[in-house]
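Listed below are the residues making up each chain.
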Amino acid sequence: MPMAANLYTHQSGNVAKTWLLMSLFFVLIMAIGLFASWYVNDSSILYIAVFVSIIMNIASYWWSDKIVLSLTGAKPASKETHYELYTLVENLAITAGLPMPKVYVIEDAAPNAFATGRNKEHAVVAFTTGLLCTLNRTELEGVAAHELAHIGNRDILLQTVVVVLVGFVTLLSDMLLRISATGGGDRDRGNQVQLILMIAGFILALLAPLVATLMQLAISRKREFLADATGAMLTRYPEGLASALEKISQSSVQMKRANHATAHLFISDPFGEKKGRERINFLHKIFLTHPPVQERVAALRGTR
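None of the values given here were measured: they were computed from a predicted structure. (Residues numbered from 1 in each chain as written. Predicted model: local features only at pLDDT ≥ 70, side-chain atom pairs only at ≥ 80, totals over all residues. Heavy atoms only, no water.)

**Student:** Which residues make up the packing of helix α4 (residues 83-96) against helix α6 (residues 137-152), and what values go with them?
**Tutor:** In the contact formed by α4 and α6, the axes pass within 10 Å of each other and the chain directions differ by 50°. The angle between the axes of α4 and α6 places the two elements in the oblique class. Where α4 crosses over α6, the two elements pack in a sense that is right-handed. The segment α4 lies against α6, with E84, L85, L88, V89, L92 and A93 engaging R137, L140, E141, A144, A145 and L148. Grouping the amino acids of the contact of α4 with α6 by side-chain chemistry returns 9 nonpolar, no polar and 3 charged. (Axes fitted to C-alpha atoms, helices over the stretch in contact; angles between N-to-C directions. Helix = DSSP H or I, 4+ residues; strand = E, 2+ residues; numbered from the N terminus. Parallel < 35°, antiparallel > 145°, perpendicular 65-115°, else oblique. Left-handed = near helix turned anticlockwise from the far one by under 90°. Contact = heavy atoms within 4.5 Å. Nonpolar A, V, L, I, M, F, W, Y, C, P; charged D, E, K, R; others polar.)

**Student:** Please give an account of the packing of aromatic side chains that cites residues and values.
**Tutor:** Counted by the stated rule, this structure contains 1 aromatic pair. Taking the centre distance of 4.9 Å and the plane angle of 65° together, the rings of F114 and F266 count as edge-to-face. Here F114, found in strand β3 (residues 113-117), pairs with F266, found in the loop between α9 (238-250) and α10 (282-286); they are 152 residues apart in sequence, far enough to count as distant. F114 sits in the buried class, given a relative accessible area of 0%. (Phe/Tyr/Trp six-rings, centres within 6.5 Å; stacked < 30°, edge-to-face > 60°. Buried < 20%, exposed > 50% of the residue type's maximum accessible area, 1.4 Å probe, protein only.)

**Student:** So what about the pairing of strand β4 (residues 123-128)? Which residues, and what values?
**Tutor:** The element β4 is extensively covered by neighbouring structure, given that 6 of its 6 residues are classed as buried. Alternating residues of β4 divide into A123, V125 and F127 and V124, A126 and T128, and every residue in both groups is buried. Summarising the sheet, strand β2 (residues 102-106) and β4 pair through 5 bridges and their orientation is parallel. Bridging from a neighbouring strand, Y104 pairs with A126 of β4. Two elements, β3 and β4, share 5 bridges in a ladder whose sense is antiparallel. Each bridged residue has a counterpart across the sheet, and for T116 the counterpart in β4 is V124. Hairpin connection between β3 and β4: a loop of 5 residues separates the two successive antiparallel strands. (Pairing = 2+ DSSP bridges.)

**Student:** Can you break down the side chain of E139 residue by residue, with the values?
**Tutor:** With respect to the secondary-structure elements, E139 resides in helix α6. Apart from the residues within four sequence positions on either side, E139 is in contact with T134, G240, S243, A244 and K247.

**Student:** Lay out the nonpolar core in plain terms, naming residues and giving numbers.
**Tutor:** Membership of the largest hydrophobic core comes to 34 residues, with the highest contact counts inside it found for V89, F127, L131, V143 and I151. Broken down by secondary-structure element, the contributors of at least two residues to this core are α4, β2, β3, β4, α6, α8 (191-235), α9 and α11 (293-301). At 6 residues, the largest contribution of residues to this core is made by α6. What V89 contacts, discounting residues up to four positions off in sequence, is M100, P101, V103, V125, F127, A144 and L148. Judged by nonpolar contacts, the second largest core, of 12 residues, contains A74, I106, F114 and A126. (Core = buried A, V, L, I, M, F, W, Y, C linked by side-chain atoms within 4.5 Å.)

**Student:** Break down the sheet that holds β2 for me, citing the residues and quoting the values.
**Tutor:** Here we have 4 strands laid out as an open sheet, ordered β1-β2-β4-β3, and mixed in their pairing. Looking along the sheet, the strands with just one partner apiece sit at the ends: β1 (75-76) and β3. Running over the sheet, α4 touches β2 and β4 and is turned about 140° from β2.

Here it is as structure tokens:
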């Protein structure tokens, strides 16, 4: 089977998931907005919630890469300034049948990398200086292939949409929690109804961001295994990426501009699943943005 066919196997599925998630979250936002507007007897809350969600979706689609690059402090890398890195990405992009993505470098001693953008024609791959200093060429190829796999499978679009919608639901839920806690609403309602509404408001406000965050983390973990496998097929040398992941996980350096909003985009958690964490309990594993490195390496080496 051609390499490009493997790379694009999950592209249509991720596009469908993106639209499905957008639809589900939009319904959830409307439900929260409807509840809040009914509770305080002000229909404008619902209209505002829907309007803001639409604006945020449009903005996140068109300018997501610029937002992420700004948050991480990434700077453009040209063929003249970073010849080896640029040509390495260029050769892999040709092999994968992808347009050449923009290459960026982050001045940070922590070894890490990520991909972002709304589609393969507007994609970006970024590498920290710590990664460039830590890995040899075959390991760096493995990391670059992993990031190109995210681009080919349109993971970058899916993750961007999830981030924005999760953030907005959390914002709305916090608003509802404040409304419920202050006991707003129509004073003519009975005390029993008021109590029921307050309890419902607390439950919805507390569970909505939790469920949304778990969905975000689950999608992130699943896509890392897929990108590892696709990247290994692209280089035809799984050991390169496996060795790179081990070196990255053994680093004790935390990223200077680590951000929870962008943590899931990186090949490794920027807050660190560090050396010495050999055993991870079930509860802790649920809240990891990435699968444990041991599991990813075992999958690449066929020992899982």
